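The lines below spell out each chain.
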Amino acid sequence: MAPEVRAGQRYTASADVYSFGVAMLELYAGKEYTGDINAGVPQRVRRHLPQYFELFGPCAGDDVRQRPDMREIVLKIQDMDNVKL
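Parameters at a glance
- Residues numbered from 1 in each chain as written.
- Predicted model: local features only at pLDDT ≥ 70, side-chain atom pairs only at ≥ 80, totals over all residues.
- Heavy atoms only, no water.
- Core = buried A, V, L, I, M, F, W, Y, C linked by side-chain atoms within 4.5 Å.
- Buried < 20%, exposed > 50% of the residue type's maximum accessible area, 1.4 Å probe, protein only.
- Helix = DSSP H or I, 4+ residues; strand = E, 2+ residues; numbered from the N terminus.
- Contact = heavy atoms within 4.5 Å.
- Phe/Tyr/Trp six-rings, centres within 6.5 Å; stacked < 30°, edge-to-face > 60°.

**Section: the nonpolar core**
Within soluble globular proteins, side chains that are nonpolar tend to cluster in buried spots.
Then comes step 1: Within the largest apolar cluster, 18 residues are counted, with the highest numbers of intra-cluster contacts made by Tyr18, Leu25, Tyr33, Phe56, Ala60 and Ile73.
Then comes step 2: Of all elements in the fold, only helix H2 (13–29), helix H5 (50–59) and helix H6 (70–81) reach the threshold of two or more residues within this core.
Then comes step 3: Examining the composition of this core, we find that 6 residues originate from one element, H2, more than from any other.
Then comes step 4: In contact with isoleucine 73, other than residues within four places in its own chain, are Val17, Phe20, Leu55, Cys59 and Pro68.

Structure, rendered in structure tokens:
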């Protein structure tokens, strides 16, 4: 759950982005996300998949203003993979 929602603020699309980022970091790390991006994602993941780490890290950040929106995420993934979603 996004930190702002846990704090009682209104649920927004940014909270969905947070959940997406956490899910992706957990998928790539192979373990539960602890809230600390640097501690939660093994170095091997950051080394081999830096573009994904750079995208999903800000998604799971505590600062709502620093999170990308889903359109931006989709465009970046398309650019990385050269795939149409």
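**Looking at the packing of aromatic side chains**
Then comes step 1: If you walk through the whole model with that rule in mind, you get 1 aromatic pair.
Then comes step 2: Taking 5.7 Å as the distance between ring centres and 75° as the angle between the ring planes, the aromatic pair formed by phenylalanine 20 and phenylalanine 56 counts as edge-to-face. Taken as a pair, phenylalanine 20 in helix H2 and phenylalanine 56 in helix H5 lie far apart in primary sequence, 36 residues in all.
Then comes step 3: You can call phenylalanine 20 partly exposed: its relative accessible area is 23%.
Then comes step 4: Of the residues examined, phenylalanine 56 reaches a relative accessible area of 1% and is grouped as buried.

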